[in-house]
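Geometric and topological summary
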Amino acid sequence: MDKPRSHKVRTILQLEGRAAALRARYECTLARIAPARHKSEQLRQQAVALKVTLTPHELSQLRRARSGV
């Protein structure tokens, strides 16, 4: 290109570059946290499976513990 780019074109290119860098950072972070998210879901499912086996007395204990009483 012989002619210099206009201010608007330079701005668009700069914004696109910043957007691409942020998107790459975002996707890298998602990949890094995926195992922790999976593990947290497994633990939540284990808690739900155990909760359905509670006796009424144990269930009331759980509710009191959660309420801070």
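Below: a short report on this structure.

Rules behind the numbers
Residues numbered from 1 in each chain as written. Predicted model: local features only at pLDDT ≥ 70, side-chain atom pairs only at ≥ 80, totals over all residues. Heavy atoms only, no water. Helix = DSSP H or I, 4+ residues; strand = E, 2+ residues; numbered from the N terminus. Rg over C-alpha atoms; globule rule 2.2 N^0.38 Å. Buried < 20%, exposed > 50% of the residue type's maximum accessible area, 1.4 Å probe, protein only. Areas by Shrake-Rupley, 256 points an atom, 1.4 Å probe, with all protein chains shown as cover. Lys, Arg positive; Asp, Glu negative; His and termini not counted. Charge placed at Lys NZ, Arg CZ, Asp CG, Glu CD. Salt bridge = Lys/Arg side-chain N within 4 Å of Asp/Glu carboxyl O. Expected span 1.5 Å × (residues − 1). Bend = angle between axes of the 7 residues up to and from the residue. Patch = residues over 30% accessible without salt bridge, like charges linked within 9 Å, V, L, I, M, F, W, Y side chains within 5 Å. Contact = heavy atoms within 4.5 Å.

**Side note on the overall build of the chain**
Within the chain one finds two helices and zero strands. In terms of C-alpha radius of gyration, the chain reaches 26 Å, well past the compact-globule figure of 11 Å for 69 residues. Within the chain, buried positions represent 0% of all 69 residues. On the chain, roughly 6,700 Å² of surface is accessible, and the fraction owed to carbon and sulfur atoms is 60%. The average position of the 15 basic charges and that of the 5 acidic charges among the side chains of the chain differ by 7 Å.

**Focus: the pattern of salt bridges**
If you walk through the whole model with that rule in mind, you get two salt bridges. The partner of arginine 23 in a salt bridge is glutamate 27, with the nearest N and O atoms 3.1 Å apart. Remark: glutamate 27 and arginine 23 occur in helix H1 (residues 7-51); sequence separation between them is four residues, near one turn of the helix. Overall, glutamate 27 belongs to the partly exposed group, its relative accessible area being 43%. Glutamate 41 is paired through a salt bridge with arginine 44; the nearest N and O atoms lie 2.7 Å apart. Taken together, the residues glutamate 41 and arginine 44, both in helix H1 and three residues apart, mark about one turn of the helix.

**Description of H1**
For H1, spanning 45 residues, the distance from its first C-alpha to its last is 62 Å, which sits close to the expected 66 Å at 1.5 Å a residue. Taking the largest bend as the criterion, H1 deviates by roughly 40°, centred on isoleucine 33, and proline proline 35 comes between one and four positions later.

**Remarks on a nonpolar patch on the surface**
The grouping of Tyr26, Leu30 and Ile33 at the surface amounts to a nonpolar patch, some 270 Å² of accessible area in total. Mapped onto the elements of the fold, isoleucine 33 is located in helix H1.

**Remarks on the environment of leucine 59**
Position of leucine 59 among the secondary structure elements: in helix H2 (residues 56-67). Residue leucine 59 is classed as partly exposed on the basis of its relative accessible area, which comes to 22%. Between the alpha carbons of leucine 59 and isoleucine 33 there is a distance of 33 Å; along the sequence they are 26 residues apart. With residues near it in sequence (within four places) discarded, leucine 59 still touches Lys51 and Leu54.

Remember, this is a structural readout, not a statement about activity or role.
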